[in-house]
Amino acid sequence: MGFPCLRYFVRTTSLTFFIFTVVLLVLLNLRWCLLRYCQHSLQRPLSRDTDSQKELLLDQNKTYHMTSEDFNTQQSRPQSVLDRSLEREMKRRREILDSTCKRLHFKRKAKHYTASFFDNVLVLDPYKLLFSFIPKVSSSSWKQVLGDLMVRANASKLFTTLDKYSTEERDMRLETYKKAVFVREPINRLLSAWMSKFRDDPKDQERWEKYFGQKIVKRYRKSPPQSSKWLNITFMEFAQFVTDYGPSCEIDTITNHFVPQNEICHPCHINYQFIGHFENLVVEGPYFLRWISADHLVSFPRFQPSAAGRSLKDELAVLPLRILDGLSKLYKRDYEMFGYSVEKTLDHAVSK
């Protein structure tokens, strides 16, 4: 009887040892996998593959324009890499602007102009910053962000424009402060102005129809308007009016929504170090706050895709070539100075 018991004991012990060995090997293998995973996770942000970095970093010799879709995909990349990419892009834009100004024989003599020349330049003394404010270039967001910064600095006034200062005070700020401007694809900006002023906001629509509506109807409609509260100015009518009236109009708080942006911010006379693009605001807005060392004070509002951007193709598709040609001539300098391409915009209109 002793032998069967011994055999049973040996079998039980062997099975127990085998199970223990298997469990131990599984645990050791699991521990090794976890260590490899942690190492890979820690190293990954610092060692992006070469192809991804090439995709992110811009070649300064190319006139490549980064779209908002490109930047949205790049937000997950290391901030230092993204900032270096944006620094290169800012340098490229300054070079484009400088070469265009030289070709047009403009010289930087902003100090010799009258005060009204600077009525769109916001002064933020606590941050040693001059910010050129252009309507229809995310103006509401910039008012919120810059206003919050001034509140944080306990400023007595939220906004002061450079024209309010004496000549000596203006010169000092132009020489020593950082200078920034955000611009927008010109025809897209014009469409945004029409949508907000003639279509989407009744108060603005009433004001703009009173200011421009009768002139537009009289000039471009063959039959008198029907009895209605609204004239319902179309984008085609507005675009035609702008091409005819825009080159000779005086800049005021209404016309500055559609006159060429270079006539508002004077980029050949004010030496902007930061030239932002509205289309890339999703990353260039936060980058701008880092550039002025204020990203710890405020955050840039959540980016909302432009309604004008979604409607641009449909609206351009119905514009006659003579109007498109007139718009390209009106905004020619904007396209040249700020690195946009009218050909690319018009190609977008005819693409499927």
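In what follows, the structure referred to is the one given above.
Residues numbered from 1 in each chain as written. Predicted model: local features only at pLDDT ≥ 70, side-chain atom pairs only at ≥ 80, totals over all residues. Heavy atoms only, no water.

**Student:** How do you make sense of the sheet that holds strand β1 (residues 121–124) when you look at a structure like this?
**Tutor:** For sheets, the rule is that strands pair by backbone hydrogen bonds, running either parallel or antiparallel. On the basis of which strands lie adjacent, the open sheet formed by five strands has the order β3-β1-β2-β4-β5 and mixed pairing. Edge positions in the open sheet fall to β3 (160–161) and β5 (274–277), since each of these has one partner strand only. In terms of strand pairing, β1 meets strand β2 (residues 129–132) through four bridges, oriented antiparallel. By the bridge assignment for β2, V123 is matched with L130. Here helix α5 (residues 139–152) sits on the sheet and contacts β1, β2 and β4 (178–183); the angle it forms with β1, its principal contact strand, is near 25°. (Pairing = 2+ DSSP bridges. Helix = DSSP H or I, 4+ residues; strand = E, 2+ residues; numbered from the N terminus. Contact = heavy atoms within 4.5 Å. Axes fitted to C-alpha atoms, helices over the stretch in contact; angles between N-to-C directions.)

**Student:** Explain the pattern of salt bridges to me, please; I cannot follow it from the model alone.
**Tutor:** Pairing of side chains with opposite charge becomes possible as their charged atoms draw close. Scanning all chains against the criterion turns up eleven salt bridges. One salt bridge in this structure joins R173 and D125, with 3.0 Å as the shortest N-O distance. Placement of R173 in helix α6 (residues 167–176) and of D125 in the loop between β1 and β2 is noted, with a sequence separation of 48 residues between them. Residue classification places R173 among the buried positions, given a relative accessible area of 9%. Linked by salt bridges that have partners in common, E89, R92, R93 and E284 make up one network. (Salt bridge = Lys/Arg side-chain N within 4 Å of Asp/Glu carboxyl O. Buried < 20%, exposed > 50% of the residue type's maximum accessible area, 1.4 Å probe, protein only.)

**Student:** How should I be thinking about the packing of aromatic side chains in this particular structure?
**Tutor:** Aromatic ring pairs are reported here in terms of the distance separating the ring centres and the angle at which the planes meet. Scanning the model with the defined rule gives 25 aromatic pairs in all. Seen in terms of ring centroids, F182 and F274 are 5.5 Å apart; in terms of plane orientation they differ by 35°. Their pairing is tilted. You can see F182 sitting in strand β4 and its partner F274 sitting in strand β5, a full 92 residues away along the chain. Taken as a pair, F182 and F274 share a single burial class, namely buried. Here the aromatic rings of Y211 and F212 are separated by 4.7 Å at their centres, their planes lie at 75°, and the arrangement is edge-to-face. Y211 sits in the partly exposed class, given a relative accessible area of 35%. (Phe/Tyr/Trp six-rings, centres within 6.5 Å; stacked < 30°, edge-to-face > 60°.)

**Student:** Just to check I follow, could you spell out the side chain of R170 for this structure?
**Tutor:** You can see R170 is positioned in helix α6. For the buried residue R170, which engages in no salt bridge, the nearest side chain bearing the opposite charge is D171, 5.5 Å off. Apart from residues no more than four positions distant in its own chain, R170 is found in contact with Y113, T114, A115, F118, L162, D163 and Y165. (Lys, Arg positive; Asp, Glu negative; His and termini not counted.)

**Student:** Which parts of the structure should I look at to understand the nonpolar core?
**Tutor:** As a rule of thumb, nonpolar side chains are buried together in soluble globular proteins. Judged by nonpolar contacts, the single largest core of 85 residues is most densely connected at W142, L190, F238, F258 and F288. Here this core gets seven residues from one element, more than from any other, and that element is helix α11 (residues 281–291). Here F288 is in contact with L129, F131, W142, A180, F182 and F274, once residues within four sequence places are set aside. (Core = buried A, V, L, I, M, F, W, Y, C linked by side-chain atoms within 4.5 Å.)

**Student:** Looking at this structure, how should I read helix α12 (residues 307–317)?
**Tutor:** Think of an α-helix as 3.6 residues a turn; residues three or four steps apart then line up on the same face. Every buried residue of α12 is listed here: A308, L312, E315 and L316. Down the axis of α12, the smallest arc covering the buried residues is 95°, so these residues share one side. Across α12 from its buried face, at more than 90 degrees, point the exposed residues R310, D314 and A317. Sitting at the amino-terminal end of α12 is S306, which places a side-chain oxygen 3.1 Å from the backbone nitrogen of A308. (Arc of directions from axis to C-beta. Polar contact = N/O pair within 3.5 Å; in protein donor to acceptor, adjacent residues only side chain to side chain.)

**Student:** Mind showing me how you'd approach the environment of S293 here?
**Tutor:** Inspection of the secondary structure puts S293 in the loop between α11 and α12. The class of S293 is exposed, set by a relative accessible area of 51%. Sequence separation between S293 and Y127 is 166 residues, and the spatial gap between their C-alpha atoms is 8.4 Å.

**Student:** I would appreciate a short explanation of the state of the cysteines in the present structure.
**Tutor:** As used here, a disulfide is simply a covalent bond connecting the sulfur atoms of two cysteines. Inspection of the entire model under this criterion finds one disulfide. Here C101 pairs with C268 through a disulfide, and the sulfurs are 1.9 Å apart. Every disulfide takes its handedness from the sign of the S-S torsion; for C101 and C268 that torsion is -85°, giving left-handed. Highlighted residues: C101 in helix α4 (residues 79–103) and C268 in the loop between α10 (262–265) and β5, separated in sequence by 167 residues. For the pair C101 and C268, a shared accessibility class is recorded, and that class is buried. The structure places no disulfide on C265, whose sulfur is separated from the nearest cysteine sulfur, that of C268, by 9.0 Å. (Disulfide = S-S within 2.5 Å.)

**Student:** Please clarify how the packing of helix α7 (residues 186–200) against α12 should be interpreted in this entry.
**Tutor:** Running from amino to carboxyl end, α7 crosses α12 at an angle of 100°, the nearest separation of the two axes being 9 Å. With respect to α12, the axis of α7 lies roughly perpendicular. In contact with I187, N188, L191, S192, W194 and M195 of α7, α12 contributes A307, A308, G309, S311, L312, E315 and L316. (Parallel < 35°, antiparallel > 145°, perpendicular 65-115°, else oblique.)

Structural measurements only, silent on function.
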